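Analysis of the macromolecular model
Take a look at the letters that make up each chain.
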Amino acid sequence: MFQQQLIRGVGLAIAVCTMSAHATQHVVVNEAQIPVSDQSQKTQANAVIEALTQVMVKVSGNTTVLQNPGVRAALRKPEAYLRSYRFSYSGNETFYVAEFDKTKLTELMKREGLPLWGERRPETIVWLATETDDNERIILDESSPTPVGEMLVNTAKTRGVPVSLPLMDLTDSANISIYDVWGRFVQSLTASSQRYGVDNIIGARLYKNAPGEMPSIPEGLPASSNAYQDGSIQDKRTGEASAAEQPPSGQLDLSDVNSVTGDVSDGMSNGVNLQANEEQQASLAGDEVTATAAMMNEAQDMPPFTMDEFTQYAQKAQEGEYALDWVFVGNGKVSYGSIFADEPTSLTQQLVDAYANYLSSQYAVIPGAVDAERVQISVSVANLDSLKKYANANAYLKSLSVIEEAMLTGQTGSVATYNLTLLGTPEDLLNTVRLESKLRPVTDAFGQVVEGYTFYWNE
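Residues numbered from 1 in each chain as written. Predicted model: local features only at pLDDT ≥ 70, side-chain atom pairs only at ≥ 80, totals over all residues. Heavy atoms only, no water.

**Focus: helix α7 (residues 186–193)**
Buried residues dominate α7, accounting for 6 of its 8 residues. Listed in full, the buried residues belonging to α7 are V186, S188, L189, T190, S192 and S193. (Buried < 20%, exposed > 50% of the residue type's maximum accessible area, 1.4 Å probe, protein only. Helix = DSSP H or I, 4+ residues; strand = E, 2+ residues; numbered from the N terminus.)

**What to know about the pattern of salt bridges**
The final tally for this structure, using the stated rule, is 11 salt bridges. Measuring nitrogen to oxygen at the nearest pair gives 3.0 Å for the salt bridge that ties R159 to D353. On the criterion of sequence distance, the pair formed by R159 in helix α4 (residues 147–159) and D353 in helix α11 (residues 344–363) is long-range, its members being 194 residues apart. You can call D353 partly exposed: its relative accessible area is 23%. Salt-bridge contacts for D385 lead to K389; the nearest nitrogen and oxygen are separated by 3.1 Å. Residue class for D385 comes out exposed when judged on its relative accessible area of 53%. (Salt bridge = Lys/Arg side-chain N within 4 Å of Asp/Glu carboxyl O.)

**Focus: the nonpolar core**
Among the nonpolar cores identified, the biggest contains 51 residues, and F100, I403, L420 and L429 are the most heavily contacted of them. In terms of residues, this core owes the most to one element, helix α1 (residues 41–60), which gives 7 residues. Beyond its immediate sequence surroundings of up to four residues, I403 is in contact with L397, L420, T421, L422 and L429. A204, F328, A341 and Y358 belong to the second largest nonpolar core, which has 28 residues in total. (Core = buried A, V, L, I, M, F, W, Y, C linked by side-chain atoms within 4.5 Å. Contact = heavy atoms within 4.5 Å.)

**Side note on the environment of V148**
Along the polypeptide, V148 turns up in helix α4. Residues V148 and T130, spaced 18 residues apart in sequence, show a C-alpha to C-alpha distance of 9.2 Å. Contact partners of V148, with chain neighbours within four places excluded, come to L128, L140, L206, P344, T345 and T348.

**Some words on the pairing of strand β17 (residues 403–412)**
Both β17 and strand β18 (residues 415–422) contribute to a ladder of 8 bridges, which runs antiparallel. Paired with Q411 across the two strands is A416, which belongs to β18. Remark: 2 residues form the turn of the hairpin made by β17 and β18, two consecutive strands paired antiparallel; G413 in that turn has positive phi of roughly 65 degrees. (Pairing = 2+ DSSP bridges.)

**Things to note about the packing of aromatic side chains**
Inspection of the entire model under this criterion finds 9 aromatic pairs. An aromatic cluster of three or more residues is present, and its members are Y85, F87 and Y96. Between the NZ or CZ atom of R121 and the centre of the ring of W117, over which it lies, the distance is 3.7 Å. The ring of Y196 carries the charged tip of R195 above its face, separated from the ring centre by 5.1 Å. (Phe/Tyr/Trp six-rings, centres within 6.5 Å; stacked < 30°, edge-to-face > 60°. Lys NZ or Arg CZ within 6 Å of the ring centre and 35° of its normal.)

**Looking at the confidence of the model for the protein chain**
Per-residue pLDDT for the protein chain has a mean of 76; in total, 70% of the residues score no lower than 70. When the criterion is pLDDT under 50, residues 1–21 qualifies, and its contacts beyond four places in sequence or with other chains add up to 61 contacts. With pLDDT under 50 throughout, residues 255–304 is counted as low confidence; its partners more than four residues away or in other chains account for 121 contacts. (pLDDT = per-residue confidence, 0-100.)

**Side note on the layout of surface pockets**
Counted as a void, the second largest pocket has a volume near 660 Å³. Q54, K58, N154, K157 and T158 are the residues nearest the centre of the second largest pocket, which is lined by 28 residues in total. Counting only elements with at least two residues in the lining of the second largest pocket, the list comes to β2 (24–26), β3 (31–36), α1, β5 (93–100), α4 and β9 (163–164). Ranked by residues supplied to the lining of the second largest pocket, first place goes to β3 with 5 residues. Of the residues that constitute the lining of the second largest pocket, the class distribution is 13 nonpolar, 9 polar and 6 charged. (1 Å grid on protein atoms, 1.4 Å probe; cavity = no way out; pocket = protein on both sides within 12 Å on 5 of 7 lines; lining within 4 Å. Points joined across faces, edges and corners; volume = space filled by probe spheres on them. Nonpolar A, V, L, I, M, F, W, Y, C, P; charged D, E, K, R; others polar.)

**As for the packing of α1 against α4**
The N-to-C vectors of α1 and α4 enclose an angle of 80 degrees; their axes lie 8 Å apart at closest approach. Considering the angle they form, α1 stands roughly perpendicular to α4. Of the residues in α4, those in contact with Q54, V57 and K58 of α1 are K157, T158 and R159. Grouping the constituent residues of the contact of α1 with α4 by class yields 1 nonpolar, 2 polar and 3 charged. (Axes fitted to C-alpha atoms, helices over the stretch in contact; angles between N-to-C directions. Parallel < 35°, antiparallel > 145°, perpendicular 65-115°, else oblique.)

**Section: the packing of α1 against helix α3 (residues 102–112)**
Put simply, α1 and α3 touch, their axes get as near as 11 Å, and they point 65 degrees apart. Pair α1 / α3 crosses with right-handed handedness. Across the interface between the two elements, L52, V55, M56, V59 and S60 from α1 touch L105, L108 and M109 from α3. When its residues are assigned to classes, the contact of α1 with α3 shows 7 nonpolar, 1 polar and no charged. (Left-handed = near helix turned anticlockwise from the far one by under 90°.)

**Notes on the environment of T146**
Position of T146 among the secondary structure elements: in the loop between β8 (137–139) and α4. C-alpha of T146 to C-alpha of T345: the two residues are 199 residues apart in sequence and 9.7 Å apart in space. Within the local environment of T146, its side chain forms a polar contact with the backbone nitrogen of G149, the two atoms lying 3.0 Å apart. (Polar contact = N/O pair within 3.5 Å; in protein donor to acceptor, adjacent residues only side chain to side chain.)

Have a look at this one:
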């Protein structure tokens, strides 16, 4: 996170920052699709409640909103929020599709002070290796449906999180192997994900958590003994032990999942947390190429797991019949952990649920969390040299969930100045615009980012 001071003008020398475009999807958050057995009034009454429940979670990004008294009251009268409904059909299945009033939902979230997550959401690719009944290890792909893969994709759709599995075509097969995914090697996962243009990467292996057994290590993997008995992790760069009780700010945290390893209280599950170094911090200013290279170099220095970690897995056989070990790469950070359950599909569902909660914590805005008074800032946007660009920029600003009101206060040449009333903080605004390349930070003649909320409009 970083802060910039307010300025009202743009310098004469304007250069566009070389920030690469982020991969985002527009998610329809006010619509839900519920499978039904018939079209009776009783079935519809139950379906509309379930649909609004799903929408409330998608709009906020977190399941905890369902405990809010205002939300619970709305669920008792879902018709007050219903805009339209219809039935759709797929094969032998019938679905009740409900669309709810977006304005009323937003007003409810504001009134109750609940998180409000916009429609622009980062894309994620999941490399998931698992074992078949014949003890063959495979990488799940989008063209070969499996119960585990379908649960992952369906849960992500329900939570409003754009998630996809790899193609595993000839290109993927040449770039990554089952051992790369099974070993959760960050370097291979990052390099193989470049073709998909995603923001975040999840690599995972799912296996039977049999007593006395542990996942085998690919040949040639260097053994390490960085993990201490108390669960802390030794930093190979400094030789110092870092406490594992709390994950670094902004990293994926699965502590709210019931089956997370119990060794680490309220933190990462038996995992390694890597703080972003100075090169990785450059990604916050748009230098994602440098950040990616830094993460890949870091992966070469630190193996994704240790022999001590495997010993701990063997001791945790009673946690569940199956285990899922994951690695998360995104936002200039790398995190590792494990979860356990008695059913394989339950593991992927819990993984996606926890991941959706994490993304919400990064991008959702909590109206009223700052002060009773709305935060107002002045933003300058360059390259608005046509009526079409002005209209598009105006519509874009007003579409962001973090912005309550955007008012044009002046224009000099192709530079427009807006007064923005925010529902959250200026940092929330910066986090939101980073998801797309519509607004790019302006740099000076020396390539340095200009201080202030100064952007360049990119169609």
